[in-house]
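Topology and contacts: notes
Each chain is listed here by its residues.
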Amino acid sequence: MSQHSFFSPSAASRWLNCPGSQAFPENQEQGGSSTFADDGTASHEWAALCLTSGKDADLFIGSVKEINGNRYDMDESRASFIQIYLDDVRRRATGMMFIEYGVDLSDILGEDQGGTADAVMFNHQKKHLTVEDLKYGTGEKVYALDNPQLGLYLLGAIRDM
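In this text the structure is predicted, and so the values were computed from the model without any measurement.

Moving on: the overall build of the protein chain. Check the secondary structure of the protein chain and you find 5 helices and 5 strands. Helices and strands in the protein chain line up, N terminus first, as α-α-β-β-α-β-α-β-β-α. Across the protein chain, contacts joining residues at least 24 apart in sequence account for 57% of those joining residues at least 6 apart. Accessible area for the protein chain stands at about 9500 Å²; split by element, carbon and sulfur atoms hold 52% of it.

Set out below in structure tokens:
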């Protein structure tokens, strides 16, 4: 999926509670970005790099990512925040782990709909599936409990496992 889904899982809390909100162009998230989103993208990229390389976030302090013409630094504060996520994912990863896992939700939401789950862990013996998403916390407040984004990712991942 090359562009943001019309029924983006990251905006599911809005469009599930107010389906009519999709009629407004400013809610259709087709292209464009914000500094909050880009800042989160930088943190997600570092987190994925840490998980795939087995390294901790503090090893990347001083590195820089440029996204949409803006510079994002890996400083101690960001590294500390990302490390909390890394430690939790690694603690839960008792089986297979998939990083930046593309979830196809076309059968649920329509053609070319889906998203990317930050981490999906599957323990085959226990038949247990866990989906984790790094919430960097610099934009809109998001809650971990009853999170429709994670629920949608879980639905897609269940089908794939």
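Our focus in this paragraph is the environment of Gly69. Inspection of the secondary structure puts Gly69 in the loop between β1 (64-67) and β2 (70-73). Of the residues examined, Gly69 reaches a relative accessible area of 61% and is grouped as exposed. Each C-alpha atom of the pair Gly69 and Asp38 lies 9.9 Å from the other, and the pair is 31 residues apart in sequence.

Turning next to helix α3 (residues 76-92). The end-to-end C-alpha distance of α3, which contains 17 residues, comes to 24 Å, matching closely the 24 Å that a straight helix rising 1.5 Å per residue would cover. Along α3, the residues that are buried comprise Arg78, Ala79, Ile82, Gln83, Tyr85, Leu86, Asp88 and Val89. Against α2 (35-53), β2, β3 (96-104), β4 (114-123) and β5 (128-132) lie the buried residues of α3. Two to three positions downstream of the cap, the backbone nitrogen of Ser77 sits 3.3 Å from a side-chain oxygen, assigning the N-cap of α3 to Asp75.

To continue, consider the pairing of β4. The element β4 is largely enclosed, with a buried count of 9 among its 10 residues. Both β3 and β4 contribute to a ladder of 8 bridges, which runs antiparallel. Paired with Val103 across the strands is Gly115, a residue of β4. As paired strands, β4 and β5 are joined by 5 bridges and run antiparallel to one another. By the bridge assignment, Phe122 is partnered in β5 with Leu129. Between β4 and the antiparallel strand that follows it, β5, lie 4 residues; Lys127 among them carries a positive phi value of about 55 degrees.

Take the pattern of salt bridges next. As enumerated under the stated definition, the model contains 10 salt bridges in all. We note a salt bridge from Lys65 to Glu45, for which the minimum N-O separation is 3.6 Å. Of this pair, Lys65 sits in strand β1 while Glu45 sits in helix α2, and the two are 20 residues apart along the sequence. Close ionic contact of Arg159 with Asp160 constitutes a salt bridge, the shortest N to O distance being 3.8 Å. You can call Asp160 partly exposed: its relative accessible area is 38%. Here the residues in one salt-bridge network are Asp88, Arg91, Arg92 and Glu132, joined through shared partners.

Taken as a whole and assessed by the stated rule, the structure comprises 1 aromatic pair. A centroid spacing of 5.4 Å and a plane angle of 50 degrees characterise the contact between Phe98 and Tyr101, whose relative ring orientation is tilted.

You can see Ser80 is positioned in helix α3. The exposure class assigned to Ser80 is partly exposed, which follows from its relative accessible area of 44%. Sequence spacing of Ser80 and Ala57 is 23 residues, and the spatial spacing of their C-alpha atoms is 7.3 Å.

The rules behind each value
- The written sequence of each chain sets the order in which its residues are numbered from 1.
- In keeping with the predicted nature of the model, local features appear solely for residues at pLDDT of at least 70, side-chain atom pairs appear and are counted solely at 80 or more, and the whole-chain, interface and lining totals rest on all residues.
- In computing side-chain properties, one takes all heavy atoms of the structure into account and sets aside hydrogens as well as water.
- We count a stretch as a helix when DSSP gives it H or I for four or more residues in a row; a strand needs E for two or more, and each element gets its number in order from the N terminus.
- We call two residues in contact whenever any of their non-hydrogen atoms come within 4.5 Å of each other.
- Methods summary: accessible areas were calculated by the Shrake-Rupley approach with a probe of 1.4 Å, and residue burial reflects only the protein chains presented.
- Only protein chains enter the accessibility calculation, which uses a 1.4 Å probe; a residue whose area is less than 20% of its type maximum is buried, one above 50% is exposed, and one in between is partly exposed.
- Expected span, for any helix, means 1.5 Å times one less than how many residues it has.
- Counting of polar contacts relies on pairs of N or O atoms within 3.5 Å, with two restrictions inside protein: one atom must be capable of donating a hydrogen and the other of accepting it, and residues adjacent in sequence are counted only when both atoms are side-chain atoms.
- Any two strands between which DSSP finds at least two bridges are classified as paired.
- Salt bridge criterion: a side-chain nitrogen from Lys or Arg within 4 Å of a carboxyl oxygen from Asp or Glu.
- Between rings of Phe, Tyr and Trp, where Trp is taken as its six-membered ring, a pair exists when centres lie within 6.5 Å; planes separated by under 30 degrees are stacked, by over 60 edge-to-face, and by other angles tilted.

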